[in-house]
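Spelled out, the chains give:
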Amino acid sequence: MGEGRFAGRTALVTGGSRGIGRAICIQLAREGAWVAVNYAESAEAAAETLDLMGAAGGEGVVFQADVASWEDTSAMFDAVEAARGPVDLLVTNAGAASFQDDVNMPLELWRRILAVNIDGAFHCVWRAKEAMLARKDGRIVCISSIQGLAPSRIRRDRLLAYGTSKSAVIGFARNCAVAFGPDIRVNCVAPGLIDTDMTKDMSDEMRARIVGETPAGRTGTPEDVAELTCFLLSDAASFITGQTYVTSGGLVTLP
Ligand code: NAP
């Protein structure tokens, strides 16, 4: 450890056990960061992420916490700080999706999706910001979704709570960038369709329709999202804050 553009940095990635979060953990570790890998339930998968980080020449530790809970999240930061000191690089990636009939969506589902996706981001940023402000240095990336920019016209239903929460993540990141500048940079990444557990149950027909509308002609990989996230966390992005970057193969283009 110690080589690369994140050498000496302490990173915390929520939802690092699988999918996009895992790819971000591995890339950060490969490039020198010490990485706290958060997970909610998948202890084995989180341990695998740690192994893959090790194979990439990196180091870190896994921490269980439900980011929807302030107490859990705060205890996780306490543990990270005790193990390694304050967090320099934060990625709020943990997310939950609701693939259900929107019209009849139960209240409990709405509450849970919002609790994980937006309260979860808030809890982490709130817990991380004091130390970042004190040291006048912090970089945060919040993972949103193209569903947070506009509801899909291809997948017409089943993402109401998810899309709403991801719009809130974009607004949250923008507001934090203004509130915490110039000491902390806060940006958002809005991925399109990425091949992970979250999207594995999509029908072949739906997948083909989405790919057919995508100029890049393919679905995305977790590594596509990790690459953009790490750029935004790096010194190369020092003049970028409050922005939302889309990685969707051109399926969505910002005005
Ligand atoms: P995934 O494969 O389903 O993985 C979700 C990750 O989030 C897991 O590591 C999971 O931990 C963690 N997680 C879920 N609820 C949590 C909680 N309450 N507390 C802590 N961790 C929790 O999902 P993914 O596709 O990699 O998605 C990652 C992020 O990208 C999400 O925010 C998602 O909304 C966003 N995104 C995904 C896509 C896509 O097409 N895949 C597109 C746009 C945006 P456990 O393993 O312990 O369950």
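Please refer to the structure higher up on the page.
From a predicted model like this one, the values you see are computed outputs, not experimental measurements. (Residues numbered from 1 in each chain as written. Predicted model: local features only at pLDDT ≥ 70, side-chain atom pairs only at ≥ 80, totals over all residues. Heavy atoms only, no water.)

Draft legend 1. Up close: the overall build of the protein. A tally of helices and strands in the protein yields seven helices and seven strands. For the protein, the succession of helices and strands along the chain, N to C, is β-α-β-α-β-α-β-α-β-α-β-α-α-β. Computed over its C-alpha atoms, the radius of gyration of the protein comes to 17 Å, within 12% of the 18 Å expected for a compact globule of 255 residues. Buried residues in the protein amount to 53% of all 255 residues. (Helix = DSSP H or I, 4+ residues; strand = E, 2+ residues; numbered from the N terminus. Rg over C-alpha atoms; globule rule 2.2 N^0.38 Å. Buried < 20%, exposed > 50% of the residue type's maximum accessible area, 1.4 Å probe, protein only.)

Draft legend 2. Summary view of the sheet that holds strand 7 (residues 244-247). Taken together, seven strands build an open sheet; the order of strands is 3-2-1-4-5-6-7 and the sheet is parallel. The open sheet has two edge strands with one neighbour each: strand 3 (59-64) and strand 7. On average, each strand axis in the sheet is inclined to that of its neighbour by 20°, with strand direction left out of account. Across three bridges, strand 1 (residues 10-13) lies against strand 4 (residues 89-92) in parallel orientation. (Pairing = 2+ DSSP bridges. Axes fitted to C-alpha atoms, helices over the stretch in contact; angles between N-to-C directions.)

Draft legend 3. Looking closely at the site of the ligand. Taken together, 32 residues sit near the ligand, with Ser17, Glu41, Ser42, Tyr162 and Thr196 positioned nearest. Arg112 is positioned with one of its side-chain polar atoms (N or O) 3.5 Å from a nitrogen atom of the ligand. Computed on the free molecule, the ligand has an accessible area of 900 Å², of which 94% lies beneath the protein chains in the complex. Of all the elements in the fold, those that place two or more residues in the shell around the ligand are helix 1 (19-30), strand 2 (34-39), helix 4 (107-135) and helix 5 (160-180). Residue composition of the shell around the ligand, by class: 13 nonpolar, 13 polar and six charged. (Near = heavy atom within 4 Å. Polar contact = N/O pair within 3.5 Å; in protein donor to acceptor, adjacent residues only side chain to side chain. Areas by Shrake-Rupley, 256 points an atom, 1.4 Å probe, with all protein chains shown as cover. Nonpolar A, V, L, I, M, F, W, Y, C, P; charged D, E, K, R; others polar.)

Draft legend 4. Layout of the environment of Leu52. One can find Leu52 in helix 2 (residues 43-55). When its relative accessible area of 38% is taken as the criterion, Leu52 is described as partly exposed. Remark: the alpha-carbon pair of Leu52 and Leu193, spanning 141 residues in sequence, is separated by 24 Å. Not counting the four nearest positions on each side in its chain, Leu52 is found in contact with Arg22 and Ile26. (Contact = heavy atoms within 4.5 Å.)

Draft legend 5. Examining a nonpolar patch on the surface more closely. A cluster of nonpolar residues, Trp70, Phe122 and Trp126, forms a patch on the protein surface that exposes about 270 Å² of accessible area. Structurally, Phe122 can be placed in helix 4. (Patch = residues over 30% accessible without salt bridge, like charges linked within 9 Å, V, L, I, M, F, W, Y side chains within 5 Å. Salt bridge = Lys/Arg side-chain N within 4 Å of Asp/Glu carboxyl O.)

Draft legend 6. Structural context of the packing of helix 1 against helix 2. The N-to-C vectors of helix 1 and helix 2 enclose an angle of 30°; their axes lie 9 Å apart at closest approach. One element, helix 1, and the other, helix 2, form an angle in the roughly parallel class. Once helix 1 is placed against helix 2, the crossing between them reads as right-handed. Of the residues in helix 2, those touching helix 1 at Arg22, Cys25, Ile26 and Ala29 are Ala45, Glu48, Thr49, Leu52 and Met53. Its residues placed into classes, the contact of helix 1 with helix 2 shows six nonpolar, one polar and two charged. (Parallel < 35°, antiparallel > 145°, perpendicular 65-115°, else oblique. Left-handed = near helix turned anticlockwise from the far one by under 90°.)

Draft legend 7. Looking closely at helix 5. The end-to-end C-alpha distance of helix 5 is 30 Å, a good match for the 30 Å that 21 residues give at a rise of 1.5 Å each. What helix 5 keeps buried is the set Ala161, Tyr162, Gly163, Ser165, Lys166, Val169, Ile170, Phe172, Ala173, Cys176, Ala177 and Phe180. Next to the buried residues of helix 5 lie helix 4, strand 5 (138-143), strand 6 (184-191) and strand 7. (Expected span 1.5 Å × (residues − 1).)

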